[in-house]
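# Architecture at a glance
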Amino acid sequence: MLEDRRLWRGTAKAQIEEGREPTGHEALDAALPGGGWPEAALSEILSPADGIGELRLVLPTLARHTQAGRDVALIAPPYVPFPRAWRDAGVDLRRLRIVATDRAKDALWASEQCLRAGCLSAVLCWPQRADDKSLRRLQVAAESGRALAFAFRDAREARNPSPAALRLQLAPGQLRVLKCRGGLAPARAFALAGAH
C-alpha cells in the first residue's frame, strides 16, 4: 500500500525519493520534506495580488517538463501568457496548452478532466470560488492522472481548509509554507530569489 501511495505515513522529515520533483528554487526545495513539489498532487499558491512572482515559482518545473517533451496545460489563466517571457524561462511553447473557459464552474471541470486524463505532466489553474469539495476533486484527479496540479488562489483563502498536499503563501519578497505533506511546515517565512 505504501508503494501505491494509498497510505500516508507521517514523519518529522520525509525521505527524499529518486522520483522527486525539484521546484528549481534551492531554498524552497530545502524547506519541503520531499525536496520539491509533491508528486501527483495539488499544490496551492496563495498570493495577495497577481504578478508578484507566483508564476516564477513554477516556471523552472514547467521548463524542465516541456523540454523533456511532456505537455503542460493552463486552464483559464486570468491574463494572456506573454510567449517571450515563457520562452525566456525555458518553456517549450509547443508543449504548452491553453484552455479558455467562460465560467468558473467550467474552469474547474476542465482542470479536473485535464488532470485525470493522464496525458499532461502539469496543470495550472486559477479556480474562482472553489470550495473544499472542488479542491478535493482536483487533488484526487491529480493523483489519478499522475500529474502536478498548481492552483493559484487569493491569499485570503489561507484561512479556509484545503485538501492540497502543499500550500504556499507568497508575499512580496517572501514565501511561507503553510502546509506540506510528509513533514512539518517551516515556522518562518523565507526569501525566495527571483520570486518578486
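For the structure, see preceding data.
Here is what the cut-offs are and how they apply
In this convention, every chain numbers its residues from 1, walking through the sequence in written order. Selection of residues for local features in this predicted model requires a pLDDT of at least 70, selection of side-chain atom pairs for listing and counting requires 80 or more, and totals for whole chains, interfaces and linings are taken over all residues. Hydrogens and water molecules were not included; the side-chain quantities draw on all heavy atoms of the structure. Note on conventions: DSSP H or I runs of at least 4 residues are helices, E runs of at least 2 residues are strands, and numbering of each starts at the N terminus. Each residue is placed in one exposure class: buried if its accessible area under a 1.4 Å probe, protein chains only, is under 20% of its type's maximum, exposed if it is over 50%, and partly exposed if it falls in between. The Shrake-Rupley method, run with a 1.4 Å probe, gives the accessible areas here. Residue values count only the displayed protein chains as cover. In this text, buried Ala, Val, Leu, Ile, Met, Phe, Trp, Tyr and Cys residues form a nonpolar core when linked through side-chain atoms within 4.5 Å. Each helix should span, by expectation, one fewer than its residue count multiplied by 1.5 Å. Think of the arc as the fan of directions from the helix axis to the C-beta atoms. Any two residues having at least one pair of non-hydrogen atoms within 4.5 Å are treated as being in contact. Axis definition: a line fit to C-alpha positions, over the contact stretch in the case of helices; interaxial angles, taken between N-to-C directions, run 0 to 180 degrees. Small angles under 35 degrees read as roughly parallel and large ones over 145 as roughly antiparallel, with 65 to 115 read as roughly perpendicular and the rest as oblique. Note on convention: the crossing is left-handed when the near helix lies turned anticlockwise from the far helix by less than a right angle, right-handed when the turn is clockwise. Think of it this way: a Phe, Tyr or Trp ring, Trp meaning its six-membered ring, pairs with another when their centres are within 6.5 Å, and the plane angle makes it stacked under 30 degrees, edge-to-face over 60, tilted otherwise.

Counting its regular elements, the chain contains five helices and seven strands. Reading the chain from its N terminus to its C terminus gives the helix and strand order α-β-α-β-α-β-α-β-α-β-β-β. Relative to its 196 residues, the chain shows a buried fraction of 46%. Here the chain displays about 10,600 Å² of accessible surface, and carbon together with sulfur accounts for 51% of that area.

In this structure, L28, W37, V58, L62, L124 and F150 are the most contacted members of the largest nonpolar core, which totals 30 residues. Within the residue set of this core, elements represented by two or more residues are α1 (26–31), α2 (54–67), β2 (72–75), β4 (122–125), β5 (148–154), β6 (166–171) and β7 (174–180). Top element by residues in this core is α2. It accounts for five residues. If you look at the next biggest cluster of nonpolar residues, it comprises 21 residues, including L42, A76, A110 and C125.

Compared with an ideal rise of 1.5 Å per residue, which puts 14 residues at 20 Å, helix α5 (residues 132–145) spans 20 Å between its outermost C-alpha atoms and is within 8% of the ideal. Every buried residue of α5 is accounted for by S134, L135, L138, Q139, A141, A142 and G145. Buried residues along α5 cover an arc of 165° about the axis, so they all sit on one side. Lining the buried residues of α5 we find β1 (42–47), α4 (104–117), β4 and β5. A positive phi of about 55° marks R146, the residue just after α5.

Right, let's get into unusual backbone geometry. Its identity is not glycine, yet A40 carries a phi of approximately 50°, on the positive side. With respect to the helices, strands and loops of the structure, A40 is situated in the loop between α1 and β1. On the accessibility criterion, A40 (5% relative accessible area) is buried. Of note in the backbone geometry, A76 takes a positive phi value of approximately 50° without being a glycine. Structurally, the position occupied by A76 is in the loop between β2 and α3 (83–88).

Once that is clear, we can look at the packing of α4 against α5. For the pair α4 and α5, the least separation of the axes is 7 Å and the interaxial angle reads 20°. Here α4 lies roughly parallel to α5, going by the angle between them. Two packed elements cross with a definite hand, and for α4 against α5 that hand is left-handed. On α5, the residues touching L108, S111, E112, L115 and R116 of α4 are S134, R137, L138, V140, A141, A142, S144 and G145.

Note on placement: S43 falls in strand β1. Taking the relative accessible area as the measure of exposure, S43 reaches 2% and is therefore buried. Sequence-distant contacts of S43, that is, excluding residues within four places in its chain, are made with W37, P38, A149, F150, A151 and L166.

Attention now moves to the packing of aromatic side chains. Throughout the structure, instances matching the rule amount to two aromatic pairs. Taking the centre distance of 4.8 Å and the plane angle of 75° together, the rings of W37 and F150 count as edge-to-face. Separated by 113 residues along the polypeptide, W37 in the loop between α1 and β1 and F150 in strand β5 bring together distant segments of the chain. Arranged with centres 5.2 Å apart and planes meeting at 20°, the rings of W126 and F152 form a pair that is stacked. Of this pair, W126 sits in the loop between β4 and α5 while F152 is found in strand β5, placing the two residues 26 residues apart along the sequence. Exposure remark for F152: the relative accessible area of 6% places this residue in the buried category.

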